[in-house]
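# Architecture at a glance
Next come the chains, spelled out residue by residue.
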Amino acid sequence: MFTGARGGQLRRNNFRRLWLRALETTGLGDVHFHDLRHTGNTLAATGGATTRELMQRMGHSSVRAALIYQHLVNGRDHAIAAHVDEQIRKARPAESDEASGT
């Protein structure tokens, strides 16, 4: 994503200058570099990454940080409930036929 001057190594002492230049060029405004990590992990979680996979991506040995991103997947509750409801609806016609003797 970033390289140092003239293709050299990116170093701590030149990163801030390059990051600020990138923000100005792209018009992103007040974006912190750590926001990229958060966005990447959020997208991974909503894309189906497991807690273990998130831990590996982030380099953490504790589930605590990964669970921060997993909470975003909780929005799937509606989709899961809709799926369960659909399964019940599919089973009901068979039950109705058996009850009516058809």
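See the structure shown above.
This text gives an overview of the structure that appears in the document.

Analysis parameters
- Residues numbered from 1 in each chain as written.
- Predicted model: local features only at pLDDT ≥ 70, side-chain atom pairs only at ≥ 80, totals over all residues.
- Heavy atoms only, no water.
- Core = buried A, V, L, I, M, F, W, Y, C linked by side-chain atoms within 4.5 Å.
- Buried < 20%, exposed > 50% of the residue type's maximum accessible area, 1.4 Å probe, protein only.
- Helix = DSSP H or I, 4+ residues; strand = E, 2+ residues; numbered from the N terminus.
- Contact = heavy atoms within 4.5 Å.
- Phe/Tyr/Trp six-rings, centres within 6.5 Å; stacked < 30°, edge-to-face > 60°.
- Patch = residues over 30% accessible without salt bridge, like charges linked within 9 Å, V, L, I, M, F, W, Y side chains within 5 Å.
- Areas by Shrake-Rupley, 256 points an atom, 1.4 Å probe, with all protein chains shown as cover.
- Salt bridge = Lys/Arg side-chain N within 4 Å of Asp/Glu carboxyl O.
- Expected span 1.5 Å × (residues − 1).

The subject of this paragraph is the nonpolar core. Grouped together as the largest cluster of nonpolar side chains are nine residues: Ala44, Ala45, Ala49, Leu54, Met55, Met58, Ala65, Ala66 and Tyr69. Of all the secondary structure elements, the ones that give two or more residues to this core are helix 2 (33-46), helix 3 (51-58) and helix 4 (63-70). Each residue touching leucine 54, except ones within four places of it in the same chain, is listed here: Asn41, Ala44, Ala45, Ala49, Ala66, Tyr69 and Gln70.

Another aspect to go through is the packing of aromatic side chains. Aromatic ring pairs: the centre-centre distance and the angle between the two ring planes describe each pair. Applying the stated criterion across every chain yields a total of three aromatic pairs. When the centroid spacing of 5.0 Å and the interplanar angle of 80° are considered together, the rings of phenylalanine 15 and phenylalanine 33 count as edge-to-face. In this pair, phenylalanine 15 sits in helix 1 (residues 12-26) while phenylalanine 33 sits in helix 2, placing the two residues 18 residues apart along the sequence. On the basis of relative accessibility, which here comes to 22%, the residue phenylalanine 15 falls in the partly exposed class.

Attention now goes to a nonpolar patch on the surface. A grouping of Ile80, Val84 and Ile88 is seen on the molecular surface, where their side chains present a nonpolar patch of about 240 Å² in accessible area. Here isoleucine 80 lies in helix 5 (residues 77-100). Using a relative accessible area of 43% as the deciding quantity, one classes isoleucine 80 as partly exposed.

In this section: helix 1. Taking 1.5 Å per residue, 15 residues should reach 21 Å; helix 1 reaches 21 Å between its end C-alpha atoms and fits that length. Buried within helix 1 are the following residues: Asn14, Leu18, Trp19 and Leu23. Where helix 1 is buried, its residues touch helix 2. In the segment just after helix 1, glycine 27 is the residue with positive phi, at about 75°.

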